[in-house]
Amino acid sequence: MTTTEIPPEMDKVYENAKKTIESSEDIKIYSHNDCDGISAGSILSITLDHLNKDHEVEFISLDKLDDLKIEHELTIFSDLGSGQRIDNSAKNSSKIIILDHHPPIRDLNYKNEVNYDLNEINPLHYDIDGSHYVSGGGLSYFLAKKFGFNSLSWIGVLSAVGDMQNSRTGKLEGLNSIILQDAIRKGNIKVVNDLSFYGKQTRPLFVALSYFSDVELPITNNTTEAIALMKDLGIERKNDGIFRTLSDLTNEEKSRLFSELVKMLSRVVPDRYVKHVPKLVAADSYEFLNEENKTFLRDVSEFSTAINACSRNNREDIALKILKGDRMESLDEMEAILKDHKIYLAQTIHKIEEKDLIIEKENIQYFDGTGIKTNIVGTIAGMILSQGNWKKPILGFTQVDEENENLKVSLRCSKLLAYDGIHFGNIIREIAESVGGEGGGHSVACGAYIPLNKREKFLETFNQRLNGLIIND
Ligand SMILES: [Mn+2]
């Protein structure tokens, strides 16, 4: 259901949550340690700051939830909590609020099943799709809005983009569109239908072009070809001696580039994908109008990468300070983290290339990512897709840690496969469960945890399951 307003029943839970916050003095926030969760935690923390409420914020990974101690008057969980038993240590006097968009283990009768004060806000309780219509940060924003803090809407948009809520259609829809409208009304954001390059503000255009597509083109991973293409199209590489980024191009130049990329892609993709090509080349993008031009904070997806880089280096504290408005010290730290992050990615990709680690089967390709940080293997998979065979999904494996018996699997694939109707988040859940693990996620980016000794079985089943779905030539 594409609800573009909060259902009245859900609004009632928001009212209750608001009252609970008003009546509490000692508050703890646990939020997920990804871009969405960090945005959610920041929105809640700023809200409590405005209300002069004492509170602590902690960003955690999902596997830490089972043995949490509930020891504050009010505990708020954001972007997690619905799918877990977080209340093992709750007392009768405990108050808990959950703001989560992941599949819940409790239904709407939860109030009758617990003996403490619980308000759980989850779109799935109201048949609203939690993957595309609202994120954890969005749910937190609607709580902030109850207190009148509409000015936090920009962080709600960041959370949605960071959570890839717009990945299916290239637009923010459902409850996300309310948040976007609020941010536009506040003058904080501009929507531009633009070429889908990453690094619109900071990457030289020829570099962005070389990374543009997961479908292999002459310009893919080839800056020489990218520069030649720009020359052919009469697009200058520099302005006053400085490399131009996508944000420097005129609309006329952009449309020349758009037509050329559509033409190039249409020539190389199998017929049944041709109609989806324009969606690959252009989509809505979002610009923060209060951030300086040509910085990584200006473009919403570059901003979300910076937040993720902080989290992947366990520096959520820096991301929180940035979201709270610090543009001095924390910005320098964030820049340094981002730089290290990019170096790490480049070195890792180089290693995979050098050791020729991608193994191809009929319908899938995979690599052993032993040694790669577990929270980065998905990003790496996405970046090396074009080195392998883009018509097949790519899976990367890493062991969680020495003691842990689980293997983490991350999957990425070309958007064309999703446009064609394949939902890998559902497929990976099904296959992971069949070997005693668990998994899920988006159609083009998802993951699973499986027992260490089930890797071969998992690969075999996955490969079989895709028979007839993947184009082989
Ligand atoms: Mn989320």
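The following paragraphs examine the structure supplied in this document.

What counts, and at which threshold
- For every chain, the first residue of the written sequence is number 1, and numbering continues from 1 onward in sequence order.
- For this predicted model, a pLDDT threshold of at least 70 governs which residues receive local features, and a threshold of 80 or more governs which side-chain atom pairs are given and counted, while totals over whole chains, interfaces and linings are taken from all residues.
- Runs of H or I in DSSP of at least four residues are treated as helices and runs of E of at least two as strands, each being numbered from the N terminus.
- Values of the radius of gyration come from C-alpha atoms, whereas the globule rule sets the reference at 2.2 Å times the count of residues to the power 0.38.
- To sort residues by exposure, count the other C-beta atoms lying within 10 Å of each residue's C-beta; 20 or more gives buried, 12 or fewer gives exposed, and values between give partly exposed, all with C-beta atoms placed from the backbone.
- The criterion for strand pairing is that DSSP finds at least two bridges linking the strands in question.
- By the convention adopted here, residues are in contact when the distance between their C-beta atoms, placed from the backbone, does not exceed 7 Å.
- Angular values range over 0 to 180 degrees, each being the angle between N-to-C directions of two axes fitted as lines to C-alpha atoms, with helices fitted over their stretch in contact.
- The scheme is simple: roughly parallel for angles under 35 degrees, roughly antiparallel for over 145, roughly perpendicular for 65 to 115, oblique for anything else.
- Crossings are sorted by hand: turned counterclockwise from the far helix by less than a right angle, the near helix makes the crossing left-handed, and turned clockwise it makes it right-handed.

**Section: the overall build of the chain**
Per the secondary structure count, the chain includes 17 helices and 15 strands. Its C-alpha atoms give the chain a radius of gyration of 22 Å, within 12% of the compact-globule value 23 Å for 473 residues. Projecting the C-alpha coordinates of the chain onto the three principal axes gives extents of approximately 70 × 55 × 40 Å. Burial analysis of the chain (473 residues in total) assigns 47% to the buried set.

**Observations regarding the sheet that holds strand β12 (residues 394-399)**
Ordered by their spatial adjacency, six strands build an open sheet running β10-β11-β12-β13-β15-β14, and the pairing between neighbours is mixed. Where the open sheet ends on each side, the last strands, each with one partner, are β10 (359-360) and β14 (438-441). The pairing of β14 with strand β15 (residues 445-451) spans four bridges and is classified as antiparallel. The residue bridging E438 from the neighbouring strand is Y449, located in β15. With respect to the sheet, helix α14 (residues 377-384) is in contact with β12, β13 (406-412) and β15, its orientation differing from that of β13 by roughly 35°. Across the sheet, helix α16 (residues 424-434) is in contact with β13, β14 and β15; its angle to β14 comes to roughly 180°.

**As for the sheet that holds strand β1 (residues 27-32)**
Taken in spatial order, the five strands line up as β2-β1-β3-β4-β5 in an open sheet, and their pairing is parallel. At either end of the open sheet lies a strand with only one pairing partner, and these are β2 (55-60) and β5 (117-121). Sheet twist, expressed as the mean angle between neighbouring strand axes with direction ignored, is 15°. The strands touched by helix α2 (residues 35-50) within the sheet are β1, β2, β3 (74-78) and β4 (95-99), with β1 carrying the most contacts at an inclination of about 160°.

**Examining the environment of K457**
Relative to the assigned elements, K457 resides in helix α17 (residues 455-465). The spatial distance from the C-alpha of K457 to the C-alpha of K171 is 38 Å, given a sequence separation of 286 residues.

**Brief notes about the packing of helix α13 (residues 329-354) against α14**
Helix-helix packing: each pair is described by the crossing angle between the helix axes and the interaxial distance. Packing of α13 against α14 brings their axes to within 10 Å, and their N-to-C directions diverge by 60°. Relative to α14, the element α13 lies oblique. You can see that α13 and α14 cross each other, and the crossing is right-handed. Between α13 and α14, the residues in contact are L345, T348, I349 and I352 and T379, I380, M383 and I384, respectively.

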